[in-house]
Protein chains: 2
Amino acid sequence: MKHLIDSAMKRESCDLVIRGAKIFNVFTGEFEEGELAVKNGSVVGVGTGYAAARVYDAAGLIALPSFIDAHIHVESSTLSPEEFAALSVPHGTGVIVADPHEIVNVCGIAGAEYMHEAFSRLSVNGVNPLDICLQLPSCVPASPFETSGAVLGGRETEEEIGRDLFFGLGEMMNFPAVIGADGDNLIKLTATHAAGKIIDGHAPGLTGDALNAYACAGIKTDHECLDANDCRDKIARGIYVQLRNGSSCHNIEENSKAMNEYNYRRFILCSDDRNAHDLKYTGELDDALRRLVACGVPAARAIACATLNTAECYGLKKKGALAPAYDADIVLVKDVKEFEVCAVFKRGQLVAEHGKALFAHEKRYLPETVGSTVRVKAVTAQSFAMDFKGKRARVMSIKPNGIVTEERIEDVTCRNGDVVLSKGLCKLAVVERHFATGNIGKCLVRGYGIRGGALGITVAHDSHNIVVVGDNNEDMARVVALLEKAGGGMAMASKGVEDVFPLDIAGLMSSAPADEVIARTKAITDKALKMGVEKGIEPYMTLVFLSLAVIPKLRLTDKGLVDVDLFDFVSNEADA
Amino acid sequence: MKHLIDSAMKRESCDLVIRGAKIFNVFTGEFEEGELAVKNGSVVGVGTGYAAARVYDAAGLIALPSFIDAHIHVESSTLSPEEFAALSVPHGTGVIVADPHEIVNVCGIAGAEYMHEAFSRLSVNGVNPLDICLQLPSCVPASPFETSGAVLGGRETEEEIGRDLFFGLGEMMNFPAVIGADGDNLIKLTATHAAGKIIDGHAPGLTGDALNAYACAGIKTDHECLDANDCRDKIARGIYVQLRNGSSCHNIEENSKAMNEYNYRRFILCSDDRNAHDLKYTGELDDALRRLVACGVPAARAIACATLNTAECYGLKKKGALAPAYDADIVLVKDVKEFEVCAVFKRGQLVAEHGKALFAHEKRYLPETVGSTVRVKAVTAQSFAMDFKGKRARVMSIKPNGIVTEERIEDVTCRNGDVVLSKGLCKLAVVERHFATGNIGKCLVRGYGIRGGALGITVAHDSHNIVVVGDNNEDMARVVALLEKAGGGMAMASKGVEDVFPLDIAGLMSSAPADEVIARTKAITDKALKMGVEKGIEPYMTLVFLSLAVIPKLRLTDKGLVDVDLFDFVSNEADA
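Conventions used here
- Numbers given for residues are sequential positions, taken from 1 along each chain in its written order.
- Just so you know, chain letters begin at A and ligand numbers begin at 1, following the order they were written in.
- For a predicted model such as this one, the threshold for reporting local features is a pLDDT of at least 70, and the threshold for listing and counting side-chain atom pairs is 80 or more; totals across whole chains, interfaces and linings nevertheless cover every residue.
- The side-chain numbers reported here are obtained from all heavy atoms of the structure, hydrogens and water having been left aside.
- Two strands pair under a simple rule: DSSP has to find at least two bridges between them.
- Numbering goes from the N terminus for both helices and strands, where a helix is a DSSP run of H or I of at least four residues and a strand is a run of E of at least two.
- Only the contacting stretch of a helix is used when fitting its axis, a line to C-alpha atoms as for every element, and angles between N-to-C directions run 0 to 180 degrees.
- Throughout, a contact is declared for two residues whenever any of their heavy atoms are within 4.5 Å.
- Take a side-chain nitrogen of Lys or Arg and a carboxyl oxygen of Asp or Glu: if they are within 4 Å of each other, that pair is a salt bridge.
- Partly exposed describes any residue whose relative accessible area lies between the buried limit of under 20% and the exposed limit of over 50%, with all areas from a 1.4 Å probe on protein chains only and scaled to the type maximum.

Caption draft 1: Fine view of the sheet that holds strand 24 (residues 425–431) of chain A. All names here are of chain A. The eight strands are arranged 21-20-25-24-27-26-28-29 in an open sheet whose pairing can be described as mixed. Sheet topology places strand 21 (405–411) and strand 29 (497–502) at the edges, where each strand pairs with a single neighbour. Neighbour-to-neighbour, the strand axes of the sheet open up by a mean angle of 25 degrees, direction not taken into account. Where strand 26 (residues 454–457) lies against strand 27 (residues 466–470), four bridges are found, and the strand directions are antiparallel. Residue pairing across strands places Ala454 opposite Gly470, the latter belonging to strand 27. Helix 15 (residues 473–486) contacts strand 24, strand 26, strand 27, strand 28 (489–494) and strand 29 of the sheet and is inclined by roughly 145 degrees relative to strand 28. Lying over the sheet, helix 16 (residues 514–530) contacts strand 26, strand 28 and strand 29, oriented at roughly 150 degrees with respect to strand 29.

Caption draft 2: Focus on the sheet that holds strand 32 (residues 568–570) of chain A. All names here are of chain A. Strand order in the open sheet formed by three strands is 30-31-32, with antiparallel pairing between adjacent strands. Of all strands in the sheet, those with a lone pairing partner are strand 30 (554–557) and strand 32, marking the two edges. Pairs of neighbouring strands in the sheet enclose a mean axial angle of 45 degrees, with direction left out of account. As paired strands, strand 30 and strand 31 (residues 560–563) are joined by four bridges and run antiparallel to one another. Within the sheet, the bridge partner assigned to Thr557 lies in strand 31 and is Gly560.

Caption draft 3: Representation of the pattern of salt bridges. Residues and elements named next belong to chain A. Tallying each qualifying case throughout the model produces 92 salt bridges over all chains. For Arg290, the salt bridge goes to Asp287, with nearest N and O atoms at 3.1 Å. With Arg290 and Asp287 both in helix 12 (residues 285–294) and three residues apart, this pair spans about one turn of that helix. By relative accessible area, Arg290 is classed as partly exposed at 23%. For Asp287, a relative accessible area of 6% corresponds to the buried category. By sharing partners, the salt bridges in this structure join Asp131, Lys319, Asp327, Asp329, Lys346 and Arg347 into a single network.

Right, here's the structure in full:
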């Protein structure tokens, strides 16, 4: 503290002075002229005439506090933490509130420990370029209908939530359990409160008594608001609204309509799920800010949503502002319309410039716990045979440009103990891959459109078993074998041609460099498209959601077909 | 938590439902129609159709979150904590951030322990009607020029600040020490940070580098802003502005000019020093809100300044809003212009109604540590003799309607070893009263105007020695004797007539009921006025500030006359 005070008083030289920038003051909403002075990683003042070891010329630029991504699943980038950081930081991100929900569903707590450690090892001269607030996932598994790699019940949550490793409890998706005051769930919530930590929410459209009940659990955020009215409801109950700028799901345009001069302090920004391509080429919160300002939100309010508001929501006392004693996490942008990021400082250390990370990120931390996670009981073509006793089948119908499915009842014919796939019909299978139980869930799908082959992936929300789709048993078996051998990934097999892009970290993320991940994802996707996948269907990303048994109507898990509306298993046999 | 959720879902009956009120939502700034439902001391929802053990009819009223007084010295009311609470709560106060600076200067930590315990013993069916966040005073003593009853240095602060008893560090008035990075002061600040607690500020007019340095110490509030520009400066450096509505010092009218739609979240309300009469007849934050709205500030913003903003500033997670899981601290007012308080609930318990406290407050908690604090070495009339060697004296000149003094050089005559008091000249003495050291500081004053007697008080910022003023030594000695016998208070003696109103709690506060305190304060003040005290001089309140050696120009302590501008002792002899 003495050094900060002495530097502010100019009795001592600063470490860094940024000159020439207009400095955005998030407390006043105004831009200040002056030098931004930094000592020992903290801002010491905005003024003139500072002496400093390093002067950074920022003429014509604007200095903002670094952005805080209020909710992100890093795994959705399919990047290693190292590569994620190398894309995220140059776009101005200083802190992420990360929910390692995916990897913990595969690897348990070891998955969270891995994420934290991998991020923590990054350094520029001893400064970590990206702070991570790691949430303990609240929904492992996400539903009772499937086999996940780990189970975190109330007891495990009680044991874990107090650890320094965890910042709070991850998004509480199981809102029926919350409003039903389900015992095991209550233990998780109560333990988190007892530890004095925050609970993130996930409650699309919840309103009235149910929303009151959800808020009674002390849940403080929601990133799933369906529209402006939903936002207003959440805010009224003391829940921060997270405006989401994910790769697939955006709600900034609609939901920012609920923001006004009075309530803007209750809005914050997040990515939720963001793929590697978008992270690299479109950005992260810089892109969210661009969108928010394009909606007509004044820049000062928008920036508060990416900085101070989030810091307040999560109790990050030294983040979110460029003021004395705050961390010198600084982003230099060209303007506050396009938010093009020119340089990023973390605790006064330059960590990215002109879109490039200035920290070593090539070396991977890869503990055994996150490798070799794909354990499958041997499958053969015969494993995918589907013999119907009746004449009518319950078919999952996939619609383009969305993730909702419908139920269709279709006539089917069987031959030699297997169903005959009529035109446009395929098989979908979910192969358990954590404990080699041999569980295989199977069903028929229409609307996907693959011909003469199969493809599959080990990313499948939220238990991440293998999802494979195809029009013949042989290629489906081949895909499963390819994925097992690769330790997870995206794979295709078609008439003797085959390809696999390994996601060797827990079957979710690649240890390859980001550019390779982006290129190989595109290549293997293009191959899938050539196999006849319907227009409007993203070949792999569609599969990823087909086992998420919380989205209507039909979903498939390793244990079988689920009717989400009935919240129960149903038979493939429509006559049953 | 289960009971809250079950009550919100109406599976369980609530404890209290408030019907018919418009409910102010501090997150949206809007008023909601509906029932406000409470269970186990928490709000569970705003809705309709709740069953409840108790229904409170609030037709035509408005429900607000209880007010949080961000900074108050309870001792300034001269009331016991019990009587203070009985006046404060009916005006809508739910939480006070109290700095027991005065009593700790007399009694040390025992004074703080007393305050906390006295407040904590209040109860309505097990619910404490007024939460207290007790600050550890940072400036004991406030200046090096005087003898206080206790000394809290860096070491003592390090030992104490971690205790649950203390919420944070009280107003850091010694800003020269902060910006000078004075060692002992730094220990206090650093220890408070290490304990994760907040530091209140006091830095009138500080700007530029000095303000940056002050903010570098992590000081988070200021209630001494001189004008709107000073407010803007403080806010820009991350310091919350406390708008003050004290009995003597108000700055709401001027300082609220700095408030706008963007920065309103950084303003909070406080009383600082409020006397018993004003507390009873004018109010506390209800009065501050009335003033703020009268300045043209929209009611929604004003209410946020008394509730949510303050809760955020001080990290009071369950205070400041009427939303699920928040404490059911509720104020019912007639409107949001006059803010006339009709009823007050604390954690769902009715604790005040129609201006009357509904809790027992007659019984005093009076530990030995705060009684018998007046220890004086015997004085006689001769103790007040002033023999000048030269012909010219340095005279403290008191101005009406203010607390600043001036220095005058006057010719003096001595006779029989004592100065001859010419017309309008009096003697002022400060008699050390903590350790019976026999220290007596003496000087001449002009502008006070007392004739034929003396009066004195044991409240004297900040060391609270006896301040006595008079035109003859005999009455001055008599006043000191009266105060010693009473254990402190306000006393007068004039031509054989004498009166004393005891402030038997540390010489600062009375154990009498509030009405008696108000009446006797008025009576003894009236007697003083009859002794010829000049117009514009409040007889006792003026004395209270005459030893506060931080306000220009001349001040008197038990150790002698201080020139505040020189920041040193000076002689009574102007020729010296």
